[in-house]
Amino acid sequence: MSAGYFHRQPGWHPPALTPGYKSSVLRSPKLPLLALGATASELSGPVFGDGLIGPLDNDLIRNYSQDGSEAIGQRLIVYGKVLDENARPVPNTLVEFWQANAGGRYRHKREGYLAALDPNFGGCGRVLTGSDGTYAFRTIKPGAYPWPNGPNDWRPAHIHFSVFGHAFAQRLITQMYFEGDPMIWQCPIVGGIPQKEAIEQLIAKLDRHNTTPMDALAYRFDIVLRGKRSTLFENRLEGN
Ligand SMILES: [Fe+2]
């Protein structure tokens, strides 16, 4: 029997109301939240098999190509490990990612930024973690883009991630930033995260050892999901 998952740590994740991020003012709860016990639907989740993943799903440079040519932009490998809070790898879990193109433009009908679309870049993909929790995909570096928040707010270059984990209680939706980008520290969404260490956990590290020479730079981004509370074993006293 599972003993459930650790609760989300307040103070590590951004609070629901962060007035610098304007849309959080209207959508944040006005009353204190009620804590409900986890049920079977939170402690289980969908299982995705290899058969659902296409051969180019982990390659945003080529997976939307219309004419056989590759997406425009700085070529990257993004890789890392999905772990839980007990530092155990999370194998065979679905990692999805989506991003703007090299000019900072999304392929979305409600996108309003004037930067040009790249006809050969779609901007989303997915991959399953291996038995050791690792994942990797190829993409191009997304551009920064302006957004209607303050009079001149820009999002730093980022990639959105969704990680399913073993159960709905573990699912995480987050964003990855790039080491050394000064825009990170000026972003009102990033600024909603209370602790600097929590922000740094969202910044992928440039990894010169895993680049593909004359082709792609590598960035490492490890992702930590909620961990399971340890089941008490009869032969191990609590605290040992
Ligand atoms: Fe975005």
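About the criteria used
Residues numbered from 1 in each chain as written. Predicted model: local features only at pLDDT ≥ 70, side-chain atom pairs only at ≥ 80, totals over all residues. Heavy atoms only, no water. Core = buried A, V, L, I, M, F, W, Y, C linked by side-chain atoms within 4.5 Å. Buried < 20%, exposed > 50% of the residue type's maximum accessible area, 1.4 Å probe, protein only. Helix = DSSP H or I, 4+ residues; strand = E, 2+ residues; numbered from the N terminus. Donors = N, O, S within 2.8 Å, 3.2 Å for Na, K, Ca; no water. Tetrahedral: all angles 85-135°; square planar, octahedral: opposite > 155°, others 65-115°. Polar contact = N/O pair within 3.5 Å; in protein donor to acceptor, adjacent residues only side chain to side chain. Pairing = 2+ DSSP bridges. Phe/Tyr/Trp six-rings, centres within 6.5 Å; stacked < 30°, edge-to-face > 60°.

Caption draft 1: Examining the nonpolar core more closely. Judged by nonpolar contacts, the single largest core of 26 residues is most densely connected at Tyr-135, Phe-161 and Ile-223. Residue assignment for this core shows that the elements contributing at least two residues are β1 (75-84), β2 (94-98), β4 (134-140), β7 (158-163), β8 (172-178) and β11 (223-225). Core analysis: the next-biggest nonpolar cluster, separate from the first, contains twelve residues, Tyr-177, Ile-189, Val-190 and Ala-198 among them.

Caption draft 2: Local environment of the coordination of the iron ion. Donor atoms from the polypeptide that bind the iron ion are Tyr-106 (OH), Tyr-145 (OH), His-158 (NE2) and His-160 (NE2), placed at 1.9 to 2.3 Å. With four donor atoms in place around the iron ion and angles of 91 to 159° between them, the coordination shape is irregular. Each donor residue of the iron ion lies on the same chain, and together they follow the pattern Y-x38-Y-x12-H-x1-H. Its relative accessible area of 1% is what places His-158 among the buried residues.

Caption draft 3: Looking closely at the environment of Glu-197. Relative to the elements of secondary structure, Glu-197 occurs in helix α3 (residues 196-200). Overall, the relative accessible area of 47% leaves Glu-197 in the partly exposed class. Counting along the chain gives 185 residues from Glu-197 to Trp-12, while the straight-line C-alpha distance between them is 8.6 Å.

Caption draft 4: Summary view of the side chain of His-158. Here His-158 shows up in strand β7. Within the structure, the side chain of His-158 is placed 3.2 Å from the side chain of Tyr-145, a separation counted as a polar contact. Of note is the side chain of His-158, whose polar atom sits 3.1 Å from the side chain of His-160.

Caption draft 5: The pairing of β1, seen in detail. Where burial is concerned, most of β1 is hidden: eight out of the ten residues are buried. Direction of pairing for β1 relative to β4: antiparallel, over a ladder of seven bridges. Residue pairing for β4: Val-78 is matched across the bridge by Phe-137. As defined by bridge partners, β1 adjoins strand β10 (residues 217-220) across four bridges and the pair is classed as parallel.

Caption draft 6: The arrangement of the packing of aromatic side chains in detail. Scanning the model with the defined rule gives ten aromatic pairs in all. Summarising the aromatic geometry, the rings of Phe-97 and Phe-137 are spaced 3.7 Å apart at their centres and angled 10° between planes, so their arrangement reads as stacked. Residue Phe-97 is found in strand β2, and its partner Phe-137 is found in strand β4; the two are separated by 40 residues along the sequence. Aromatic rings pair up to connect Phe-97, Tyr-135, Phe-137, Phe-161 and Phe-221 into one cluster.

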